[in-house]
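# Reading the structure
Spelled out, the chains give:
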Amino acid sequence: MEEIGFEVVSLRAADPLANAIPASATQAPIVRALGGDDQFYDAYPAVADYVGFLRRGHGILAVDGSARLSFRESLFRDYFAGCAMAHRSSQTIVESCRSVVWHAPLKYWASAQSTFEGYRLVTAVIAELVSAAEDDAACVLTYQILAGELMAALRVAMPDVPATGLSRGLHRTVSAALTAASTDRAIPLDKRAKAATLYAQLNPVTWEESSRALVAESMCMPGGTFPVGSVSPLDSEDEKYRLIDWHPQRNEEIPSFRIAKFPVTNSEYAEFILSGGYRDLDCWPEGPARLWAMQDSAFIDGPDGPRIGSTASQRLHLRKEIREGIVDENALQDYVDQLLLREVPLYWWDPRYNQPTQPVVGVNWWEALAYCRWLTKRLRENGSLDDRGFVDIPSEFEWERACLRSPVSQPYPWGEAWEDDMAHVRTEVNWIQQSVPVGIFPWATWEGGPQDMVGNVWEWTKSLAWSYSDARPGREDVSDQGDRTVRGGSWFSREMNARKIQFRSYDPPQNAYVDLGFRVAYYTM
């Protein structure tokens with residue numbers, strides 16, 4: 001299979017549309033795999049039987065009416081071709097990196113290295129890619145990203161190999177190119193996201209290093225009177241959103257505070273998990289949050305507990321699948337168990353959402369509160385906060401104020417007009433169906449303002465989902481089990497109005513979604 005994969009990719013190097021070989025050609029790659037000995041092939045009927053099996057097609061290979069074989073999935077083709085590269089000369093491997101069709105096989109090849117010779121050879125390929133980037137302006141980003149991918153694969157495959165002068169120099173060069181690409185507005189979003197992810201993988205930051213910058217890099221929001229909401233009623237087909245209309249606009253007196261530059265990332269949240277935050281009950285406010293952290297069955301399964309609400313909401317979300325028999329009651333309850341009975345975010349092990357600088361998602365409102373209490377303690381310990389400073393989730397009024405440079409209402413953090421490259425939102429073309437790393441839209445805010453306030457992930461706020469006309473005290477009461485407002489829209493949301501800073505949505509505090517995270521704010525008692 002490795003030799004057949006290599007054969008097909010070799011054909012694609014000459015003709016990118018080529019993706020199949022004649023079934024009769026399968027014998028030659030297998031003879032090569034056996035050391036080029038035709039007599040060995042003839043002496044073992046089982047080998048001939050295997051060739052016949054391949055020619056008829058199977059789960060990995062497909063055969064068409066012209067007796068041509070192709071791989072059913074490109075992943076199989078590239079994986080086997082990458083394995084076959086281990087048997088090629090170093091010159092062949094290094095030269096292949098200038099052909100785009102070999103880039104995917106090269107990643108599989110690099111990830112399988114386990115010897116110093118392999119380390120040296122991957123480093124040579126990376127050096128060739130850096131050189132190719134200097135020679136070919138049209139493909140510079142393609143070469144830089146592949147160089148980063150090979151570096152990342154090598155770090156995982158051989159983490160204990162000491163760096164050499166060459167590898168350190170290449171690391172600096174590639175890292176500088178990736179970080180520049182991640183914030184280059186002229187580069188497509190998918191490439192910026194890839195560059196940012198690779199940079200984070202190649203340059204891991206310890207909690208001690210990153211935590212000291214959290215408060216220093218946060219944005220100061222001077223207090224004052226700021227407009228909240230819209231002067232016009234919400235025009236939406238979704239009744240959920242109409243229930244907490246952004247109308248009427250009102251003025252709110254908002255004290256000064258500081259707000260994080262970005263939503264909380266996976267790398268930041270990881271320290272909360274590793275340090276035992278889920279089991280440290282001091283991090284969890286008394287009441288529903290603490291009972292959930294304790295996995296108190298009387299609370300979770302009680303008449304007013306989160307299981308009833310979560311079951312109802314998931315039954316609504318999965319009504320089509322339930323109606324068609326795809327999801328039955330047992331499957332529904334299994335999902336609700338995953339939602340409620342856990343000690344890490346819901347999507348923590350999913351590589352689509354768990355990269356270091358992606359915003360943490362799959363966290364409920366209680367988890368966000370607990371993280372803030374934990375972070376308060378840690379930042380006081382390292383001197384970033386004094387005894388009067390503390391961390392919390394911003395209220396929805398504070399969140400909306402942070403989108404404004406001055407006390408003048410506008411629909412977007414950057415101004416009055418929507419621009420397609422200002423946020424990661426659901427689009428009809430080139431839609432990336434997952435969150436992207438934070439910080440790759442530095443131009444999409446007011447000067448000195450927080451980034452990523454619109455799109456990518458919804459953000460929990462501290463506020464209950466009350467109408468603006470509700471004047472009761474206790475809008476931020478943490479012991480209340482009522483729905484909480486979320487702001488900012490996301491990559492997944494279909495609601496066009498969600499892109500505007502005044503837009504309000506809400507969720508029960510126990511809910512956790514693939515496009516819902518949070519950011520923190522800093523206060524003084």
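Residues numbered from 1 in each chain as written. Predicted model: local features only at pLDDT ≥ 70, side-chain atom pairs only at ≥ 80, totals over all residues. Heavy atoms only, no water.

## So, a nonpolar patch on the surface
Together, L75, Y79 and Y108 make up an exposed nonpolar region whose accessible area comes to about 280 Å². For Y108, the position within the fold is in helix 7 (residues 103–111). Using a relative accessible area of 31% as the deciding quantity, one classes Y108 as partly exposed. (Patch = residues over 30% accessible without salt bridge, like charges linked within 9 Å, V, L, I, M, F, W, Y side chains within 5 Å. Areas by Shrake-Rupley, 256 points an atom, 1.4 Å probe, with all protein chains shown as cover. Salt bridge = Lys/Arg side-chain N within 4 Å of Asp/Glu carboxyl O. Helix = DSSP H or I, 4+ residues; strand = E, 2+ residues; numbered from the N terminus. Buried < 20%, exposed > 50% of the residue type's maximum accessible area, 1.4 Å probe, protein only.)

## Let's talk about empty space enclosed by the protein
Under the counting rule described, the total for this entry stands at two cavities of 30 Å³ or more. For the largest cavity, the calculated volume is near 40 Å³. In terms of lining, the largest cavity is formed by M422, A423, H424, V436, P437, F441, D452, V454 and N456. Looking at side-chain class alone, the lining of the largest cavity contains six nonpolar, two polar and one charged residues. In terms of lining residues, the second largest cavity is bounded by P413, W414, M422, F441, A444, D452, M453 and V454. The class makeup of the residues in the lining of the second largest cavity is seven nonpolar, no polar and one charged. (1 Å grid on protein atoms, 1.4 Å probe; cavity = no way out; pocket = protein on both sides within 12 Å on 5 of 7 lines; lining within 4 Å. Points joined across faces, edges and corners; volume = space filled by probe spheres on them. Nonpolar A, V, L, I, M, F, W, Y, C, P; charged D, E, K, R; others polar.)

## A closer look at the pairing of strand 3 (residues 68–71)
The alternating pattern of strand 3 places L69 and F71 on a buried face and R68 and S70 on a face that is not buried. Where strand 1 (residues 20–22) meets strand 3, three bridges bridge the pair, whose relative direction is antiparallel. Across the sheet, A20 pairs through a bridge with S70, a residue of strand 3. Two strands pair when backbone bridges link them, and strand 2 (residues 61–63) and strand 3 are joined in this way by three bridges, in the antiparallel orientation. From the neighbouring strand, L61 faces strand 3, where its bridge partner is F71. Once strand 2 ends, the chain turns through four residues before running back antiparallel as strand 3, passing A67 with a positive phi of about 60°. (Pairing = 2+ DSSP bridges.)

## A word on the pairing of strand 13 (residues 521–524)
Alignment of strand 7 (residues 257–259) against strand 13, held across two bridges, turns out to be antiparallel. Along strand 13, the bridge assignment pairs I259 with A521. Bridge count between strand 8 (residues 389–392) and strand 13: four bridges; the pairing is antiparallel. Its bridge partner lying in strand 13, V391 is registered against Y522.

## Regarding the sheet that holds strand 8
The antiparallel open sheet is built from four strands, whose spatial order is 4-7-13-8. Edge positions in the open sheet fall to strand 4 (219–221) and strand 8, since each of these has one partner strand only. Recorded for the sheet is a direction-independent mean angle of 30° between the axes of neighbouring strands. Sitting on the sheet, helix 20 (residues 365–381) touches strand 8 and strand 13, and the angle it makes with strand 8 is about 155°. (Axes fitted to C-alpha atoms, helices over the stretch in contact; angles between N-to-C directions. Contact = heavy atoms within 4.5 Å.)

## Quick look at the nonpolar core
Within the largest apolar cluster, 58 residues are counted, with the highest numbers of intra-cluster contacts made by Y269, W284, Y371, L375, F518, V520 and Y522. The set of elements that each furnish at least two residues to this core consists of helix 12 (207–214), helix 14 (266–274), helix 15 (288–293), helix 16 (297–300), helix 19 (329–340), helix 20 and strand 9 (458–464). Residue contacts for F518: discarding those within four places in its chain leaves P263, V264, Y269, V360, V363, A368, Y371, W458, E459 and W460. By size, the runner-up hydrophobic cluster in this structure holds 41 residues, among which are A110, A132, I145 and A147. (Core = buried A, V, L, I, M, F, W, Y, C linked by side-chain atoms within 4.5 Å.)

## Let's talk about the side chain of R487
Secondary-structure assignment places R487 in strand 10 (residues 484–487). Taking relative accessible area as the criterion, R487 reaches 0% and is therefore assigned buried. Within the structure, the side chain of R487 is placed 2.9 Å from the side chain of E396, a separation counted as a polar contact. At 3.2 Å, the side chain of R487 and the side chain of Y468 are in polar contact. (Polar contact = N/O pair within 3.5 Å; in protein donor to acceptor, adjacent residues only side chain to side chain.)

## Structural notes on unusual backbone geometry
In this structure, P248 follows H247 across a cis peptide bond, with omega equal to 0°. By secondary structure assignment, the location of P248 is in the loop between helix 13 (239–242) and strand 6 (250–254). A positive phi angle, close to 65°, is found at N456, a residue other than glycine. Take N456: it is sitting in the loop between helix 21 (396–402) and strand 9.

## A look at the packing of helix 9 (residues 140–157) against helix 11 (residues 189–202)
At a closest axis distance of 10 Å, the pairing of helix 9 and helix 11 adopts a crossing angle of 35°. In this structure, helix 9 crosses over helix 11, and the sense of that crossing is left-handed. Contacts from L141, I145, G148, E149, M151, A152 and R155 in helix 9 reach K191, K194, L198, Q201 and L202 in helix 11. Here the residues of the contact of helix 9 with helix 11 sort into six nonpolar, two polar and four charged. (Left-handed = near helix turned anticlockwise from the far one by under 90°.)

## Quick word on the pattern of salt bridges
Two side chains of opposite charge can pair, provided their charged atoms sit close to one another. Under the definition given, this model contains 28 salt bridges. Between E419 and R185 there is a salt bridge, and its shortest N-O distance comes to 3.1 Å. Of this pair, E419 sits in the loop between helix 21 and strand 9 while R185 sits in the loop between helix 10 (165–182) and helix 11, and the two are 234 residues apart along the sequence. Note on E419: relative accessible area 34%, which makes it partly exposed. Two residues, E329 and R315, come together in a salt bridge whose shortest N-O distance is 2.8 Å. Taken together, the residues E329 in helix 19 and R315 in helix 17 (residues 306–317) connect sequence positions 14 residues apart. Taking relative accessible area as the criterion, R315 reaches 35% and is therefore assigned partly exposed. Through salt bridges with shared partners, a single network forms among E396, E400, R475, R487 and R504.

## Overview of the packing of aromatic side chains
As enumerated under the stated definition, the model contains 34 aromatic pairs in all. Between F390 and Y523 the ring centres are 5.4 Å apart and the planes differ by 20°, which places this aromatic pair in the stacked class. Of this pair, F390 sits in strand 8 while Y523 is found in strand 13, placing the two residues 133 residues apart along the sequence. Judged by relative accessible area, which is 24%, F390 ranks as partly exposed. When the ring of W414 is compared with that of W418, the centres are 5.7 Å apart and the planes differ by 50°; the resulting orientation is tilted. (Phe/Tyr/Trp six-rings, centres within 6.5 Å; stacked < 30°, edge-to-face > 60°.)

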